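Fold and contact review
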2 protein chains.
Amino acid sequence: MTKKPGAREDALPAIAEVFREYGYEGASLALIGARTGLGKGSLYHAFPGGKAEMAEAVLAAIGAWFEETVYAPLRDDPDPRAAIRLMLSETDAYFRSGRRVCLVGAFALTEGRDGFADRIAGYFRDWREALAEALIRAGRPAAEADSLAEDAVLTIQGGLVLARALDDPAVFGRMLGRLEERLVSE
Amino acid sequence: MTKKPGAREDALPAIAEVFREYGYEGASLALIGARTGLGKGSLYHAFPGGKAEMAEAVLAAIGAWFEETVYAPLRDDPDPRAAIRLMLSETDAYFRSGRRVCLVGAFALTEGRDGFADRIAGYFRDWREALAEALIRAGRPAAEADSLAEDAVLTIQGGLVLARALDDPAVFGRMLGRLEERLVSE
DNA sequence: GCTTGTCTGTACCGATCGGTACAAACACTG
DNA sequence: CAGTGTTTGTACCGATCGGTACAGACAAGC
């Protein structure tokens with residue numbers, strides 16, 4: 001008897017990091033095995049669906065983390081400006097100030113719609129909508145809030161791409177600074 | 001005797017499209033062969049260095065096209081505002097209004113620095129600097145021009161990521177609209 | 001015609017891919 | 001302790017990976 005439900009969750013962060021660095025195609029099971037310290041037996045025991053299920057689980061975990069840490073406050077925090085500032089600081093922390101890449105964004109660019117498309121779209125749609133909600137609650141007109149929210153989400157992704165491309169994390173910090181001005185000032 | 005120097009250049013667009021859709025790892029030689037209509041023999045004759053040389057050549061061709069079509073006018077056109085507007089319209093056309101992805105950006109996110117890093121960084125650095133130049137010539141203070149240029153380059157990349165992620169090319173068009181306001185209005 | 005050099009299709013290479021089979025090792029319950 | 005179900009390492013599978021070898025097809029110069 002005795003299940004070990006922790007194994008799956010314990011391995012997820014390491015698996016996520018491999019996907020993040022190498023992309024879906026580039027993340028081989030050998031690499032995943034090495035980074036998690038798990039053999040194929042354990043890996044396929046925890047994820048019977050193989051690589052695809054690992055990616056699914058990773059995307060789900062990321063989505064859940066953002067939902068709880070970022071989107072929920074944007075929607076519900078009585079102080080919407082504080083929620084937006086929280087979003088910016090959590091984003092900075094999550095992406096290690098531009099040294100880390102967005103797995104969801106990377107998947108979006110390369111993946112041939114392996115069934116991840118829904119999750120990928122949901123991640124960004126939720127972010128955009130939660131932020132628009134906060135902006136409206138902060139007193140912005142609805143149309144302006146939608147536009148600003150879309151711009152913010154896309155700007156963060158672009159900041160990650162450019163920071164990585166130039167190998168210059170400072171790009172990410174400057175981008176967050178400009179974003180804060182646009183979102184919470186005035 | 002008789003060289004056939006055209007073969008290489010003729011195949012490049014098809015090869016580029018494969019890299020664009022599948023990423024470096026995902027683009028198999030079988031796929032490239034099918035899309036170019038070239039067998040392995042021809043492929044390795046035109047690109048003795050194999051896949052890596054194909055990617056190099058594709059990146060070089062993209063860089064050259066942008067240099068000629070976008071960066072040079074930004075630096076040299078006597079009407080900097082017109083050059084910026086040209087940049088926006090050429091960008092819209094090149095990325096097929098958001099239906100196409102940026103190969104350089106996609107490589108930047110996933111590639112483990114296979115020697116492409118320099119070319120990738122150069123592509124974005126040149127864009128940013130040429131745009132800053134145009135903004136300065138249009139009357140912006142240098143610091144503001146640098147900031148705006150970096151923001152614009154990164155915003156375009158983000159627009160591509162988000163348009164692809166949401167499978168909604170309209171995102172890209174809206175982003176270009178906002179960008180035009182920021183860059184040439186006021 | 002023959003020669004010379006450029007192309008290209010095909011067969012093949014070792015390595016690695018994702019995935020499966022399964023038996024030994026393990027951790028619990030009784 | 002025996003018994004039961006879980007967890008794991010290992011060997012193995014066919015397919016495909018990027019890359020090489022090379023013989024024949026081809027075109028141009030003589």
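Residues numbered from 1 in each chain as written. Chains lettered and ligands numbered in written order. Predicted model: local features only at pLDDT ≥ 70, side-chain atom pairs only at ≥ 80, totals over all residues. Heavy atoms only, no water.

**Details of the packing of helix α6 (residues 103–110) of chain B against helix α7 (residues 117–137) of chain B**
Residue and element names in this part refer to chain B. The interhelical angle for the contact between α6 and α7, taken along N-to-C directions, is 130°, at an axis separation of 10 Å. As far as their axial angle goes, α7 and α6 are oblique. Considering only the axes of α6 and α7, their crossing is left-handed. Contact with α6, carried on its side by Val104, Gly105, Phe107 and Ala108, involves Ile120, Tyr123 and Phe124 of α7 and no other residues of that element. Split by residue class, the contact of α6 with α7 holds six nonpolar, one polar and no charged. (Axes fitted to C-alpha atoms, helices over the stretch in contact; angles between N-to-C directions. Helix = DSSP H or I, 4+ residues; strand = E, 2+ residues; numbered from the N terminus. Parallel < 35°, antiparallel > 145°, perpendicular 65-115°, else oblique. Left-handed = near helix turned anticlockwise from the far one by under 90°. Contact = heavy atoms within 4.5 Å. Nonpolar A, V, L, I, M, F, W, Y, C, P; charged D, E, K, R; others polar.)

**Section: helix α2 (residues 29–36) of chain A**
Residues and elements named next belong to chain A. Turning to α2, its buried residues are Leu29, Ile32, Gly33 and Thr36. Seen from one end, α2 has its buried residues packed into an arc of 100°, which puts them on one side. Facing away from the buried surface of α2 by more than 90 degrees, the exposed residues are Ala30 and Ala34. Those residues of α2 hidden inside the fold are in contact with α1 (6–26), α3 (40–46) and α4 (51–76). (Buried < 20%, exposed > 50% of the residue type's maximum accessible area, 1.4 Å probe, protein only. Arc of directions from axis to C-beta.)

**Comments concerning the packing of aromatic side chains**
Per the counting criterion, the structure on display carries 34 aromatic pairs over all chains. For the ring pair Tyr123(A) and Phe124(A), a centre distance of 4.8 Å and an interplane angle of 80° mean the geometry is edge-to-face. One exposure class covers both Tyr123(A) and Phe124(A), and it is buried. Centroid distance Phe66(B) to Tyr71(B): 6.1 Å. Interplanar angle 40°. Geometry classified as tilted. Among the residues examined, Phe66(B) registers a relative accessible area of 0% and is labelled buried. Overall, Tyr71(B) belongs to the buried group, its relative accessible area being 1%. Members of the aromatic cluster, joined through ring pairs, are Trp65(A), Phe66(A), Tyr71(A), Tyr94(A), Phe95(A), Tyr123(A), Phe124(A), Trp127(A) and Phe172(A). Directly above the ring of Tyr94(A) sits Arg100(A), whose terminal nitrogen or CZ lies 4.9 Å from the centroid. (Phe/Tyr/Trp six-rings, centres within 6.5 Å; stacked < 30°, edge-to-face > 60°. Lys NZ or Arg CZ within 6 Å of the ring centre and 35° of its normal.)

**Let's talk about the relation of the copies chain A and chain B**
Superposition of the two copies of the chain requires a rotation about an axis together with a shift along that axis. For the pair chain A and chain B, the relating rotation is 180°, the translation along its axis is 0.0 Å, and the fit reaches an RMSD of 0.0 Å. Seen this way, the second copy is the image of the first under a two-fold rotation axis. It is Gly158(A) whose C-alpha, among those of chain A, lies nearest the rotation axis, at 1.8 Å. Interface overlap between copies: 100% of the residues of chain A at the interface are likewise at the interface in chain B, consistent with a symmetric, same-surface contact. (Least-squares fit on C-alpha atoms with pLDDT ≥ 70 in both.)

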